[in-house]
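Examination of the molecular architecture
This is what each chain is made of:
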Amino acid sequence: MNKGHFLIWILMIIATALGIYGQSFAYFLESITNTNHVVYYLTSITVLSILIYLVTPLLAYLMIKFEKIDDRFIPLYIFIFGMIGIFVSLWSVFVCVMWWG
């Protein structure tokens, strides 16, 4: 596995962790700062997770275009970006909307 694949997988893991465990991360940030801005932390984490999901396919496309990674992984990346990214993003947006009331 070369550096390009490693970077793409690390970004997907980070985005998935932020999307699924965003509420826990927001509580953790609130416990560090001792403020009552948990909903703002959760909103920021949700936006960051979605942005990483949107940037990662673009990064994969650019790496394939400039031949940093093989194009045989295109179906796998499309499936992963599509299925996991959509479901995790919908879940994190749902949680964020419920927090906002």
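This write-up is about the structure you can find in this document. (Residues numbered from 1 in each chain as written. Predicted model: local features only at pLDDT ≥ 70, side-chain atom pairs only at ≥ 80, totals over all residues. Heavy atoms only, no water.)

Concerning the side chain of Ser89
You can see Ser89 is positioned in helix α4 (residues 74-100). For Ser89, a relative accessible area of 13% translates into the label buried. Residues contacting Ser89, with those up to four places away along its chain left out, are Ile50 and Tyr53. (Helix = DSSP H or I, 4+ residues; strand = E, 2+ residues; numbered from the N terminus. Buried < 20%, exposed > 50% of the residue type's maximum accessible area, 1.4 Å probe, protein only. Contact = heavy atoms within 4.5 Å.)

Things to note about unusual backbone geometry
Negative phi is the rule for most residues except glycine; trans is the rule for most peptide bonds. A positive phi angle is found at Asn34, which is not glycine, with a value near 55 degrees. In this structure, Asn34 sits in the loop between α2 (22-33) and α3 (38-65).

What to know about α3
Because each turn of an α-helix spans 3.6 residues, side chains separated by three or four positions in sequence point in the same direction. Across its 28 residues, α3 extends 41 Å between first and last C-alpha, which sits within 8% of the 40 Å expected from 1.5 Å per residue. Phi turns positive one or two residues past the end of α3, at Glu67, with a value near 60 degrees. (Expected span 1.5 Å × (residues − 1).)

Some words on the packing of α3 against α4
As a packed pair, α3 and α4 sit with axes 10 Å apart at the nearest point and diverge in direction by 165 degrees. By the angle between their axes, α3 is roughly antiparallel relative to α4. In terms of crossing hand, the pair formed by α3 and α4 is left-handed. For the contact of α3 with α4, the class distribution of residues is 19 nonpolar, 6 polar and no charged. (Axes fitted to C-alpha atoms, helices over the stretch in contact; angles between N-to-C directions. Parallel < 35°, antiparallel > 145°, perpendicular 65-115°, else oblique. Left-handed = near helix turned anticlockwise from the far one by under 90°. Nonpolar A, V, L, I, M, F, W, Y, C, P; charged D, E, K, R; others polar.)

Overview of the nonpolar core
One finds Ile8, Ile69, Tyr77 and Phe81 to be the most contacted residues of the largest nonpolar core, which totals 20 residues. Those elements that provide at least two residues to this core are α1 (3-20), α3 and α4. The element contributing the most residues to this core is α3, with 8 residues. Apart from the residues within four sequence positions on either side, Ile8 is in contact with Thr56, Ala60, Met63, Ile69, Tyr77 and Phe81. (Core = buried A, V, L, I, M, F, W, Y, C linked by side-chain atoms within 4.5 Å.)

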